[in-house]
Amino acid sequence: MLKFYYHPAPNPAKVALLLEELGLPYEVVPVDTRKGEQFTPAYRAINPNSKTPALEDGDVKVFDSNAILLYLAEKTGRFLPANTPVARGELLSWLMFVASGVGPFSGQSVHFNRVAPEPKEYPQKRYAYEAQRHWGILESRLGQQHYVVGDTYTVADMAVWGWARAIPFIFGDGAWDSRPNLKRFVDEINARPAAARVDALKDRFKFKTENDAEAVRFMFPTLAAMSAKT
């Protein structure tokens, strides 16, 4: 049986959505990142980067959410676009666009605007601008076609959905007003039964929610080190 290492966050949500869409049997292994469980030797043997999610499929270990999406899609032959070089090129491009741009810049924008001490104008503006730019590309894309890769629901859409649900948190109130195509996209996927099961997944486990000193030490080690010096 597949083992899915999970914490309730955008990147694990993508994989959970695919697992639910596929209907494959899988075991959820909770990893409480605020308690530092991602740094245990056992978990590092699966994901040396100490992040969630990760997947074990027998002897196969896969980490990074978009790598897991592609692995499962290719393993099952489902939620992939047409089997043509053009469609595969688009799928890989958009998966990497989410992995290298949408996720990191959205996360850093939230960090510098909501978490980092002594806010600095430049990083706040830089990451907010880049987050807006990346989401603007997707807003335009979804205004031209129904899904990220043509008219077929694929793992590229699941990759976007994982982060797109956080758009109001990233940009604040009224964030959907200027992103109607993304709102349509998110609402449509949210209405799928698999998405409802993903939302219920987090309630099966008790994860730490407090951002206390322990959580800061594990989630933001640089911030914890700075605090220790003062």
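Numbers given to residues run from 1 along each chain, matching the order in which its sequence is written. Reporting of local features is limited, given that this is a predicted model, to residues whose pLDDT is at least 70; pairs of side-chain atoms are given and counted only at 80 or more, and all residues count toward the totals for whole chains, interfaces and linings. Each side-chain value is derived from all of the structure's non-hydrogen atoms; neither hydrogens nor water enter the calculation.

Stacked, edge-to-face and tilted labels apply to pairs of Phe, Tyr and Trp rings (six-membered ring for Trp) whose centres lie within 6.5 Å, assigned for plane angles under 30 degrees, over 60, and everything in between, in that order. All chains considered together, the criterion is met by 11 aromatic pairs. Measuring from ring centre to ring centre gives 5.7 Å for Phe79 and Tyr153, while their planes differ by 85°; the resulting arrangement is edge-to-face. Linking Phe79 in the loop between α3 (65–76) and α4 (85–115) with Tyr153 in the loop between α5 (121–144) and α6 (155–164), this pair joins segments that are 74 residues apart in sequence. Buried, partly exposed and exposed residues are distinguished by accessible area as a fraction of the type maximum, computed with a 1.4 Å probe on protein chains only: under 20%, between the cut-offs, and over 50%, respectively. In this structure Tyr153 comes out as buried when scored by relative accessible area, which is 10%. Here a set of aromatic residues connected by ring pairs shows up, and it is made of Phe4, Tyr6, Tyr26, Phe205 and Phe207. Positioned above the aromatic ring of Phe169, the side-chain terminus of Arg114 is 4.0 Å from the ring centre. Here, a charge over a ring is recorded when the distance from Lys NZ or Arg CZ to the ring centre is within 6 Å and its angle to the ring normal is within 35 degrees. Its guanidinium or amino end placed over the ring of Trp161, Arg165 lies 4.1 Å from that ring's centre, counting from NZ or CZ. Going along the chain from the N terminus, every DSSP run of H or I of four or more residues is numbered as a helix, and every run of E of two or more is numbered as a strand.

Turning next to the environment of Lys208. Within the secondary structure layout, Lys208 lies in the loop between α9 (193–201) and α10 (213–219). The exposure class of Lys208 is buried, given its relative accessible area of 10%. Lys208 has contacts with Asp32, Arg34, Lys35, Glu214 and Ala215, leaving out every residue within four places of it along the chain. Here a polar contact is taken to be a pair of N or O atoms separated by no more than 3.5 Å, where protein atoms must pair a possible hydrogen donor with a possible acceptor and residues adjacent in sequence count only if both atoms sit in side chains. Only 2.4 Å separates the side chain of Lys208 from the side chain of Glu214, close enough to count as a polar contact. Only heavy atoms enter the contact rule, under which two residues are in contact if any of them lie within 4.5 Å.

Function cannot be inferred from these measures alone, as they are strictly geometric.
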